[in-house]
Amino acid sequence: VGRQPWVVWGLMRTADAASPVTRHEVTASLLAFLAVYAVIFSAGALYILRLLAQGPTLATEAAPATIRAPGTPLAAAPEEPAP
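Remember, predicted model here, so these are calculated numbers, not experimental data.

## Details of the overall build of the chain
So, point 1. Scanning the chain from N- to C-terminus turns up two helices and zero strands.
So, point 2. The proportion of buried residues among the 83 residues of the chain is 2%.
So, point 3. Just so you have it, the chain exposes about 8,300 Å², and 68% of that area is on carbon and sulfur atoms.

Here it is, written out as structure tokens:
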């Protein structure tokens, strides 16, 4: 009740519900998670910094004038001439 919702009140003791994991195993898994996330964060930060260092890129050709809404399936398809 309250602090230990996984323990069935009246049927299970708190000592029976405790995990058999040692503090060394918990510490090792915490350090492993920290190391993995540090590598992922560092790689992401370096990637973003490289993108910022490159600066914006100029468009090579102007976007075609069209009456179709961008993002629709036929927006990039060439328009047929009117008969």
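## With respect to helix H2 (residues 23–54)
So, point 1. Compared with an ideal rise of 1.5 Å per residue, which puts 32 residues at 46 Å, H2 spans 47 Å between its outermost C-alpha atoms and is within 8% of the ideal.
So, point 2. Immediately beyond the C-terminal end of H2, within one or two residues, lies Gly-55, with a positive phi of roughly 80°.

## A closer look at a nonpolar patch on the surface
So, point 1. On the surface, Leu-46, Tyr-47, Ile-48, Leu-49, Leu-51 and Leu-52 cluster together to form a nonpolar patch covering roughly 650 Å² of accessible area.
So, point 2. The residue Ile-48 is located in helix H2 in this model.

Cut-offs used in this document
- Residues numbered from 1 in each chain as written.
- Predicted model: local features only at pLDDT ≥ 70, side-chain atom pairs only at ≥ 80, totals over all residues.
- Heavy atoms only, no water.
- Helix = DSSP H or I, 4+ residues; strand = E, 2+ residues; numbered from the N terminus.
- Buried < 20%, exposed > 50% of the residue type's maximum accessible area, 1.4 Å probe, protein only.
- Areas by Shrake-Rupley, 256 points an atom, 1.4 Å probe, with all protein chains shown as cover.
- Expected span 1.5 Å × (residues − 1).
- Patch = residues over 30% accessible without salt bridge, like charges linked within 9 Å, V, L, I, M, F, W, Y side chains within 5 Å.
- Salt bridge = Lys/Arg side-chain N within 4 Å of Asp/Glu carboxyl O.

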